Amino acid sequence: MTGLGLVAWPPAPIRTGRLVLRESEARDRAAFIELFASPEVGTYVGGARPRDGLERSTPEVPGRRPGLFVIELDGAMIGTIELNRRDAHRRSHVRPDAGEAELGYMFLPEAWGRGYAAEACAAALGWFADALPGEPVVLCTQTANDRSMRLAAKLGFTEVQLFEEWGAEQWMGVWSSVTPSG
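Bear in mind the structure is a predicted one, so any value in this text is a computation, not a measurement.

**Q** Hey, could you run me through the overall build of the chain in this one?
**A** What the chain contains, in helices and strands, is five helices and eight strands. Scanning the chain from its N terminus toward the C terminus, one meets helices and strands in the order β-β-α-α-α-β-β-β-α-β-α-β-β. For the chain, the residues scored as buried account for 47% of the 182 residues in total. Within the chain, contacts between residues at least 6 apart in sequence are counted, and of these 64% link residues at least 24 apart. Surface summary for the chain: the accessible area is close to 9400 Å², and the carbon and sulfur share equals 52%.

What follows is the structure, encoded as structure tokens:
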């Protein structure tokens, strides 16, 4: 897998109680456009993108790249989860050489408030822990994003630091499948 080491991609679909995490397919194109055009989704990620531009630029099979899972509920895409290496030039790191894995997610507004994000992210982190045991994962979000802050706590991310970026206070947390011995 490019960016996350020698992990085969795509993995077999991951099934949870209600969801399937899988590689993207052509049938997901309309949902990708809706996701990136949504003003609600764009609130904390730089804003919504113009729908007409997305219609022109979104490939037939969008989001097909290592580290990106489509989240499916009852046969339809409701969001995405991505695990990528954090660029060394980005602010804040937990490893001296940077390059730690970073968890990102976006869900369509109609999927909010039902526990899907926690269920899907927990499954993706479980997959990651099996694929790369002991490797930390970071999550960054704006402190103003209450939903994302609650999700980070629920998933077991612990605060590393707060910093200013993109005109807003950012929160960085770290998660690891390894429990420190004490």
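Next comes the rest of the write-up.
**Q** Just to check I follow, could you spell out the pattern of salt bridges for this structure?
**A** All told, the structure shown has eleven salt bridges when counted by the stated rule. For E23, the salt bridge goes to R64, with nearest N and O atoms at 3.4 Å. Taken together, the residues span a long stretch of sequence, with E23 in the loop between β2 (19–22) and α1 (29–37) and R64 in the loop between α3 (51–57) and β3 (68–73) at a distance of 41 residues. Exposure remark for R64: the relative accessible area of 46% places this residue in the partly exposed category.

**Q** For this particular structure, what's the right way to read the sheet that holds strand β8 (residues 168–175)?
**A** Pairing is mixed across the open sheet formed by eight strands, whose spatial order is β1-β2-β3-β4-β5-β6-β8-β7. The open sheet is flanked by β1 (14–15) and β7 (158–165), the only strands paired with a single partner.

**Q** Honestly, the environment of V137 in this entry has me stumped. Any pointers?
**A** Looking at where V137 falls in the secondary structure, it is placed in strand β6 (residues 137–142). A sequence separation of 38 residues divides V137 from W175, and the C-alpha atoms of the two residues are 5.2 Å apart. With near-sequence residues (within four places) excluded, V137 lies in contact with L83, A101, E102, L103, L125, F128, F157, G173, V174 and W175.

**Q** It is not clear to me how the packing of aromatic side chains should be interpreted in this structure. Could you clarify?
**A** One pair of aromatic rings is described through two measures. These are the centre distance and the angle between the planes. For the structure shown, the criterion picks out four aromatic pairs. Measuring from ring centre to ring centre gives 5.0 Å for W9 and F69, while their planes differ by 70 degrees; the resulting arrangement is edge-to-face. Of the two residues, W9 sits in the segment before β1 while F69 sits in strand β3, which places them 60 residues apart along the sequence. F69 shares its class with W9; the two are buried. Both rings, one in F69 and one in W127, keep their centres 5.4 Å apart while their planes meet at 80 degrees; by these two values the pair is edge-to-face. With a gap of 58 residues between them, F69 in strand β3 and W127 in helix α4 (residues 116–131) connect regions that are remote in the sequence. Both residues of the pair, F69 and W127, belong to the buried class. In this structure an aromatic cluster arises from ring pairing among W9, F69 and W127. Positioned above the aromatic ring of F36, the side-chain terminus of R49 is 5.6 Å from the ring centre.

**Q** Explanation requested: the pairing of β7 in the structure shown.
**A** Note on strand geometry: in a regular strand, side chains alternate between the two faces of the sheet. Looking at chain direction, β7 and β8 are connected through seven bridges and run antiparallel. Bridge assignment links Q161 to a residue of β8, and that residue is M172. A loop of two residues connects β7 with β8, the two strands running antiparallel in sequence, and W166 in this loop sits at a positive phi of about 55 degrees.

**Q** Looking at this structure, how should I read helix α5 (residues 146–155)?
**A** Along an α-helix, residues three or four positions apart point the same way, because every turn accommodates 3.6 residues. Here α5 has its buried residues at S148, L151, A152 and L155. What you see down the axis of α5 is that its buried residues fit within an arc of 100 degrees, all on one side. Summarising the geometry of α5, the exposed residues directed more than 90 degrees from the buried face are R150, A153 and K154.

Thresholds, definitions, all that
- Residues numbered from 1 in each chain as written.
- Predicted model: local features only at pLDDT ≥ 70, side-chain atom pairs only at ≥ 80, totals over all residues.
- Heavy atoms only, no water.
- Helix = DSSP H or I, 4+ residues; strand = E, 2+ residues; numbered from the N terminus.
- Buried < 20%, exposed > 50% of the residue type's maximum accessible area, 1.4 Å probe, protein only.
- Contact = heavy atoms within 4.5 Å.
- Areas by Shrake-Rupley, 256 points an atom, 1.4 Å probe, with all protein chains shown as cover.
- Salt bridge = Lys/Arg side-chain N within 4 Å of Asp/Glu carboxyl O.
- Pairing = 2+ DSSP bridges.
- Phe/Tyr/Trp six-rings, centres within 6.5 Å; stacked < 30°, edge-to-face > 60°.
- Lys NZ or Arg CZ within 6 Å of the ring centre and 35° of its normal.
- Arc of directions from axis to C-beta.

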